Amino acid sequence: MKLWGQMLWGHLSGLRGRQGGIWGWACSTWQSHQPQAGPLSASGLVKHWTAVFEKRGIPEARESSEYIVAHVLGAKTFQSLRPVLWTQPLTAQQLQGIQELCNLRLQRMPVQYILGEWDFQGLTLKMAPPVFIPRPETEELIEWILEEVAQRPQAVGAQGSPLILEVGCGSGAIALSLLSQLPESQVIAVDKKEAAISLTRENAQRLRLQGRIQTILLDVTIEDSWTHLLPWGPMDLIVSNPPYVFHKDMEQLAPEIRSYEDSVALDGGEKGMDIISHILTLAPQLLKASGSIFLEVDPRHPELVSSWLQSRPDLCLGLVAVRKDFCGRHVAGPKDHGGGKLLTSWQPGNGESKEGSGDNSYLPEAPSEHITFN
Amino acid sequence: MPLMSTWGWFRSPELLARICTKTQGFGLQEKLALLSPGMAAFMVQIAGKKDFPALLPLNENELEEQSVKGHGPGGQATNKTNNCVVLKHVPSGIVVKCHQTRSVNQNRKLARKILQEKVDVFYNGEKSAVYKERQEAQKKKQERKKRAKETLEKKKVLKELWESSKNVTEERTADSDRMYCTAYKE
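Below is a short write-up of the structure. (Residues numbered from 1 in each chain as written. Chains lettered and ligands numbered in written order. Predicted model: local features only at pLDDT ≥ 70, side-chain atom pairs only at ≥ 80, totals over all residues. Heavy atoms only, no water.)

All names here are of chain A. By the definition in use, this model includes five aromatic pairs over all chains. Residues Trp 49 and Phe 53 carry aromatic rings whose centres are separated by 5.7 Å and whose planes lie at 40° to one another, so their mutual orientation is tilted. In this pair, Trp 49 and Phe 53 are both assigned in helix α3 (residues 42-55), four residues apart and thus about one turn of the helix distant. Of the two residues, Trp 49 and Phe 53, both sit in the buried class. Aromatic pair Tyr 67 and Trp 118: ring centres 4.9 Å apart, planes at 70°, arrangement edge-to-face. Taken together, the positions of Tyr 67 in helix α4 (residues 61-72) and Trp 118 in strand β1 (residues 117-120) put the pair 51 residues apart, joining distant regions of the chain. Exposure class is identical for Tyr 67 and Trp 118. Each is buried. Positioned over the ring face of Phe 246 is Arg 300, at 3.6 Å from the centre of the ring. (Phe/Tyr/Trp six-rings, centres within 6.5 Å; stacked < 30°, edge-to-face > 60°. Helix = DSSP H or I, 4+ residues; strand = E, 2+ residues; numbered from the N terminus. Buried < 20%, exposed > 50% of the residue type's maximum accessible area, 1.4 Å probe, protein only. Lys NZ or Arg CZ within 6 Å of the ring centre and 35° of its normal.)

Structure, rendered in structure tokens:
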């Protein structure tokens, strides 16, 4: 009991500006209101840290404290904890763990790096700075690819066991979620950073998918570097969430992103098109005639890409479809680049115009089932 | 909670959360308890499929999903961790809030699954698949308890028999000694 008291004091005195007061209150509260959610219960701690984060201007104050507390208690989300655990007092060790992690959040570290892991398409992946954290919107890219592969396998060149190339694999989110949901597929995952290759390999091993993935350190913007991939080709699918942020927007990114994630994974150059154009250039050399390219891009890109492709008829690529993510927001103007991102698919043509083909329409899919409330 | 102010018709999050947790784990655990270890893996797949054979599929046009990432820029430009999904079935007014995982995609799927069950119960009441499953599970549970109790009683009886037969043997030995001596004396 005495040790508990000391640890408690140590914990509470670490909190800014709330020393003796909290101690006295917490002590009596805990003793007299044991069955309820006291301040040293999971719920109490979430409440406490939410207030601290809010005061310090930390975004997603409540979500951050919930994830951290849940993680220390062994759960992925606060809601998934057994309700009885919400009100039980925590151990000194748990309190200390929460304290340490919350201190990192005070330094604007992204929650995913704090926890060292995150979920994507049903997989739990290790996260480590500065490797790019997979975004929730990218999960829709996976859904789209899976739908296409299932419904029109010939359109993606996939005859049973698709060979997929991912450019810029990062933590391996896209590669591994495709591998896990397309049991016959194989993936070649490339990235120009060693840290990303290393993390992808580690995640592959954790998920026991290492047998079907080949990771290669490669910078596709270097001239002819793609020729190294020829021995494995031709591919059925090329997929990427390439850096697509417009360079001038980089400095407006939140501190979480600017200070912790690799800017190389984000900066797409002046019009955010640098890496996209390189991928589209190498695609015809590596893709089967029946193959497809799936990209995640900024909402401003489909038009830019369209006109870029028109200037490169030698590539024989046609813009097949554009799909909005479930945010469904349009580009509002130069400053506010909206909530939506457009997921685009290209199919290489055979030199003929793709306009005539039934698939080829600019499909800004109306997000009828997903309504955004302000 | 910010959500409370935006959504007047929203039910208490805690209540929803508990329902979410319960239903999520329900069914499968009950089934697994009945199976031998070897069968478990095989049956999990069947159990998963068996969960909703009779449930009406939800019509996406009748659903409203609150997109928590609908504000401001998305994608690479942001890092939002709020993956909670709020799903409303407009015709019945039932709302499900799901934050079981850290993957919004998974939460959306789970929310639909849970909503589907609730809608089924709402429209079909006692005839709903969920209700039937629960009844079945309860029945099996009661049967198991009954059998366990019977087995325990049998064991008790056997134990008593064994104990008493031990005593009887000892007494007989003493008696026969006496008889022998008596006979012998005479």
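Let's pick the thread back up.
Here we take up the packing of α3 of chain A against helix α6 (residues 92-106) of chain A. Residue and element names in this part refer to chain A. Closest axis-to-axis distance for the α3/α6 pair is 11 Å, and the angle between their directions is 20°. By the angle between their directions, the pair α3 and α6 is classed as roughly parallel. Once α3 is placed against α6, the crossing between them reads as right-handed. The residues of α6 that touch α3, namely those facing Leu 45, Trp 49, Val 52 and Phe 53, are Leu 95, Ile 98, Gln 99, Cys 102, Asn 103, Arg 105 and Leu 106. Across the contact of α3 with α6, the residue classes tally to eight nonpolar, two polar and one charged. (Axes fitted to C-alpha atoms, helices over the stretch in contact; angles between N-to-C directions. Parallel < 35°, antiparallel > 145°, perpendicular 65-115°, else oblique. Left-handed = near helix turned anticlockwise from the far one by under 90°. Contact = heavy atoms within 4.5 Å. Nonpolar A, V, L, I, M, F, W, Y, C, P; charged D, E, K, R; others polar.)

Looking now at α3 of chain A. All names here are of chain A. The terminal C-alpha atoms of α3 lie 20 Å apart, and with 14 residues this matches the ideal 20 Å at 1.5 Å per residue to within 8%. Of the residues making up α3, those classed as buried are Ala 42, Gly 44, Leu 45, Val 46, His 48, Trp 49, Thr 50, Val 52 and Phe 53. Next to the buried residues of α3 lie α4, α5 (83-87) and α6. Taken from the residues just after α3, Gly 57 is the one with a positive phi, measuring 70°. (Expected span 1.5 Å × (residues − 1).)

What follows concerns unusual backbone geometry. All names here are of chain A. Note the cis peptide between Pro 129 and Pro 130, where omega equals 0°. The topology assignment puts Pro 130 in the loop between β2 (123-126) and α8 (138-151). At Arg 108, a position not held by glycine, the phi torsion is positive, near 65°. Position of Arg 108 relative to the elements: it lies in the loop between α6 and α7 (111-115).

The subject of this paragraph is the environment of Pro 129 of chain A. Residues and elements named next belong to chain A. For Pro 129, the location among the structural elements is in the loop between β2 and α8. Assessed through its relative accessible area of 44%, Pro 129 is described here as partly exposed. Between the C-alpha atoms of Pro 129 and Tyr 260, which are 131 residues apart in sequence, the distance is 6.2 Å. Contacts of Pro 129, omitting those with residues within four sequence positions, involve Tyr 113 and Tyr 260.

So far we have only geometry, and geometry alone does not tell us how the molecule works.
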